[in-house]
Amino acid sequence: MKLSVIIPVFNEKETLHEIVSRVLKVESLDIKEIILVDDFSTDGTRDLLESGYNEPIFKKCFHEENQGKGAALRTGFAQATGDIVAIQDADLEYDPEDLPDLIRPILQGKADVVFGSRFMGGGPHRVVFYWHMLGNRFLTTLSNMTTNLNLTDMECCYKLFRKEVADKITIEENRFGVEPELTAKVAKMRVRIFEAGISYYGRTYEEGKKIGWKDGVRAIYAILKYGVFR
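So, here is what we can say about the structure in this document. In every chain, residue numbers begin from 1 and rise along the written sequence. Totals for whole chains, interfaces and linings use every residue, but because this is a predicted model, local features are given only for residues with pLDDT of at least 70 and side-chain atom pairs only at 80 or more, for both listing and counting. Processing note: side-chain calculations cover all non-hydrogen atoms of the structure and skip hydrogens and water entirely.

## Notes on the overall build of the protein chain
- When you go through the protein chain residue by residue, the secondary structure sums to 8 helices and 7 strands.
- Put simply, the radius of gyration uses C-alpha atoms, and a globule should come to 2.2 Å times the residue count raised to 0.38. The C-alpha atoms of the protein chain give a radius of gyration of 16 Å, which matches the 17 Å a tight globule of 230 residues would have.
- Principal-axis analysis of the C-alpha atoms gives the protein chain an extent of 45 × 40 × 35 Å.
- In the protein chain, buried positions account for 53% of the 230 residues.
- Residue contacts are defined here by distance: any two heavy atoms, one from each residue, within 4.5 Å place the two residues in contact. A sequence separation of at least 24 residues applies to 79% of the contacts in the protein chain between residues at least 6 apart.
- As presented, the protein chain carries roughly 10800 Å² of accessible surface, and 53% of it is formed by carbon and sulfur atoms. Segments assigned H or I by DSSP are reported as helices when at least four residues long, segments assigned E as strands when at least two residues long, and all are numbered from the N terminus. Exposure is judged per residue with a 1.4 Å probe applied to protein chains only, and the accessible area is read against the type maximum: over 50% gives exposed, under 20% gives buried, and values in between give partly exposed. Accessible surface is estimated by sampling points in the Shrake-Rupley manner with a 1.4 Å probe; for residues, cover comes only from the protein chains shown.

## Quick word on unusual backbone geometry
- Positive phi, normally seen in glycine, also occurs at Leu92, with a value near 75°.
- Looking at where Leu92 falls in the secondary structure, it is placed in the loop between strand 4 (84-87) and helix 4 (99-107).
- In this structure, Arg190 takes a positive phi of about 60° despite not being glycine.
- On the secondary structure map, Arg190 appears in the loop between helix 7 (178-189) and strand 7 (193-197).
- Accessibility expressed as a relative area gives 76% for Arg190, which makes it exposed.

## Topic: the nonpolar core
- Core analysis: the biggest nonpolar cluster contains 60 residues, and Leu36 and Phe161 have the highest contact counts within it.
- If sequence neighbours within four positions are ignored, Leu36 has contacts with Ile7, Leu16, Val20, Leu49, Tyr53, Phe58, Lys59, Lys60 and Cys61. Joining through side-chain atoms within 4.5 Å is the link that ties buried Ala, Val, Leu, Ile, Met, Phe, Trp, Tyr and Cys residues into a set, and such a set is a nonpolar core.

## Description of the environment of Gly177
- Inspection of the secondary structure assignment puts Gly177 in the loop between helix 6 (163-166) and helix 7.
- Spatially, the C-alpha atoms of Gly177 and Gly44 are 27 Å apart, while their sequence positions differ by 133 residues.
- Beyond its immediate stretch of four places on either side in the chain, Gly177 contacts Arg218 and Ala222.

## Some remarks on the sheet that holds strand 2 (residues 31-38)
- Taken in spatial order, the 7 strands line up as 3-2-1-4-6-5-7 in an open sheet, and their pairing is mixed. Bordering the open sheet on either side are strand 3 (58-62) and strand 7, each of which pairs with just one other strand. With direction set aside, neighbouring strand axes in the sheet form an average angle of 20°.
- Strands pair, by our definition, only if DSSP identifies at least two bridges between them. Relative to strand 4, strand 1 (residues 3-9) runs parallel, the two being bridged by 4 bridges. Within strand 4, the position partnered with Ser4 by the bridge is Val85.
- The strands touched by helix 4 within the sheet are strand 1, strand 4, strand 5 (113-117), strand 6 (159-162) and strand 7, with strand 6 carrying the most contacts at an inclination of about 30°.
- Here helix 7 sits on the sheet and contacts strand 4, strand 5, strand 6 and strand 7; the angle it forms with strand 6, its principal contact strand, is near 35°. For helices, the fitted axis covers only the stretch in contact; all axes are lines through C-alpha atoms, and the angles between them, taken along N-to-C directions, range from 0 to 180 degrees.

If you want it as structure tokens, here you go:
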């Protein structure tokens, strides 16, 4: 089964080449395309994309204004043509070496959707923010209460979908509210959802972490909107 890897990009000049190289180095991945969606970067990332990544394996998309991760994923989903669609952040917090373990339940015919989890073990974990961890667990619990799933890490970047599942999802959230939105929508499809432990190399805000408390508030809104009122 061929894999489409969607990488939303916003001001990732220092990490873009490294994450793309890491994805390509995972020998067991049968990659059809890597979809790079630039969300109007202003740090030189856009120039890197425009001048490079011209090999057939790459698809490049450019937003004309900054909209957010959800909007970038909406663009990426529309471009994906592989049998499996995977989301990969560009900031090096998530290791592409974990992708084969995440894909395995789909390849074995057991899963339609696979979530990564930073709280299920897996590889090394950088020790960073206690309150972020607590917030993630709270949002995951609230999400589980509305979806009746028993996920451990709803906010995890790594989410993989069979193409036929991805095609049924219309992403409405523009920013980080996309994580609970995707979760609620696949829960309502009653597809087979699996979870697998991953490693995690978290960044500090000085190193470029972008998510903040306002995104947490929006996540609560999205959990209620897509999990309860839809």
